[in-house]
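Secondary and tertiary structure notes
The primary structure of each chain is shown beneath.
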Amino acid sequence: MADEEEFVDLYAVLGLENTKEKPLTAKEISKTYRRLALKYHPDKQKVKEGKDYEAAVTKFDLIAKANEILQDEKERAKFDQRYFAKMAIRDRHRALDAKTRKMTEELNTREKEFRRKRKQAIDIEILRKHRMKEVKASDDLFIEAWLQRQQVKRGLHTQK
C-alpha cells in the first residue's frame, strides 16, 4: 500500500472489526476471506456481464487485496499502524463532535430561555401600556366627574 493511495479500511472490506485489545487472528481473516471469495468470485456469478458482474469482480479484487495484505505479517503491521492512527483520529473527532453537540445544545437552551424571557418582558410591557390606557381613561372619567361636581358646587355656591 502506497501512502499516496486513499486509505481503505481492509477490515471493513472483509466485514471485520479489529481492535488493539482483541486483534484478529490470521485464521479469522482467512475464514472470512474464503466465505466472501465464494460469494463474490466472478465464476460464481449468475450473470457474466453487466454492472452487477463488474461490481462483483471489483468487490472480489478488493477482498483478495485485503486478504493478501492482512495475511502478510509485515504488510499487516504497516496497515495496522495506519489503521489504528485513523481510528484514533476518528475517535478524537467523535469526542469533539460530542463536545460540540453538547455546547450547541446548551447554547440553544440558553437562547430558548432568553427568547422566552424576552417575550415575557414584551408581554409585560404591552400589558403595562394597555393598563396605563385603562388607568388614564378611568382617571379621565374620575377627573371629569370631579370637575362636574365642583362646577355643581360652585354653581350652587354662587346661587346662594
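Residues numbered from 1 in each chain as written. Predicted model: local features only at pLDDT ≥ 70, side-chain atom pairs only at ≥ 80, totals over all residues. Heavy atoms only, no water.

1. Here's the deal with the packing of helix α2 (residues 26–40) against helix α3 (residues 51–71)
In contact at an axis separation of 10 Å, α2 and α3 are set at 165 degrees when each is read in the N-to-C sense. Between α2 and α3, the angle falls in the class roughly antiparallel. Where α2 crosses over α3, the handedness of that crossing is left-handed. Along its contact with α2, which presents A26, I29, S30, Y33, L36, A37 and Y40, the element α3 presents A56, K59, F60, I63, A64, N67, L70 and Q71. (Axes fitted to C-alpha atoms, helices over the stretch in contact; angles between N-to-C directions. Helix = DSSP H or I, 4+ residues; strand = E, 2+ residues; numbered from the N terminus. Parallel < 35°, antiparallel > 145°, perpendicular 65-115°, else oblique. Left-handed = near helix turned anticlockwise from the far one by under 90°. Contact = heavy atoms within 4.5 Å.)

2. Observations regarding the packing of aromatic side chains
In total, this model carries five aromatic pairs according to the counting rule given. Consider the rings of Y11 and F79, whose centres lie 5.5 Å apart with planes at 55 degrees: the pair is tilted. With Y11 in helix α1 (residues 10–13) and F79 in helix α4 (residues 73–159), the pair connects residues that are 68 residues apart, well separated along the chain. The rings of F7, Y11, F79, Y83 and F84 are connected pair by pair, giving a single aromatic cluster. (Phe/Tyr/Trp six-rings, centres within 6.5 Å; stacked < 30°, edge-to-face > 60°.)

3. Notes on α3
Across its 21 residues, α3 extends 30 Å between first and last C-alpha, which sits within 8% of the 30 Å expected from 1.5 Å per residue. For α3, the set of buried residues is A56, F60, I63, A66, N67, I69 and L70. (Expected span 1.5 Å × (residues − 1). Buried < 20%, exposed > 50% of the residue type's maximum accessible area, 1.4 Å probe, protein only.)

4. Describing the layout of surface pockets
The calculated volume of the largest pocket comes to roughly 170 Å³. Lining the largest pocket are D9, E17, N18, T19, K20, Y83, F84, M87, A88, R90 and D91. Looking at the lining of the largest pocket residue by residue, the class counts come to four nonpolar, two polar and five charged. (1 Å grid on protein atoms, 1.4 Å probe; cavity = no way out; pocket = protein on both sides within 12 Å on 5 of 7 lines; lining within 4 Å. Points joined across faces, edges and corners; volume = space filled by probe spheres on them. Nonpolar A, V, L, I, M, F, W, Y, C, P; charged D, E, K, R; others polar.)

5. So, the side chain of N18
You can see N18 is positioned in the loop between α1 and α2. Residue classification places N18 among the buried residues on the basis of a relative accessible area of 4%. A polar contact is formed between the side chain of N18 and the side chain of Y11, at a distance of 3.0 Å. (Polar contact = N/O pair within 3.5 Å; in protein donor to acceptor, adjacent residues only side chain to side chain.)

6. Observations concerning the pattern of salt bridges
Applying the stated criterion across every chain, the model contains five salt bridges. Across the pair R76 and D80 runs a salt bridge whose closest N-O atoms are separated by 3.6 Å. Here the residue R76 and the residue D80 both occupy positions in helix α4, the gap between them amounting to four residues, near one helical turn. Overall, R76 belongs to the buried group, its relative accessible area being 9%. Residue D80 is classed as buried on the basis of its relative accessible area of 15%. (Salt bridge = Lys/Arg side-chain N within 4 Å of Asp/Glu carboxyl O.)

7. Observations concerning α2
Taking 1.5 Å of rise per residue, the 15 residues of α2 would be expected to cover 21 Å, and the 21 Å separating its terminal C-alpha atoms lies within 8% of that figure. Of all the positions in α2, only I29, T32, Y33, L36 and A37 are classed as buried. In a view along the axis of α2, the buried residues occupy a sector of 135 degrees, so they form one face of it. Opposite the buried face of α2, at more than 90 degrees from it, the exposed residues are K27, K31, R34, R35 and L38. (Arc of directions from axis to C-beta.)

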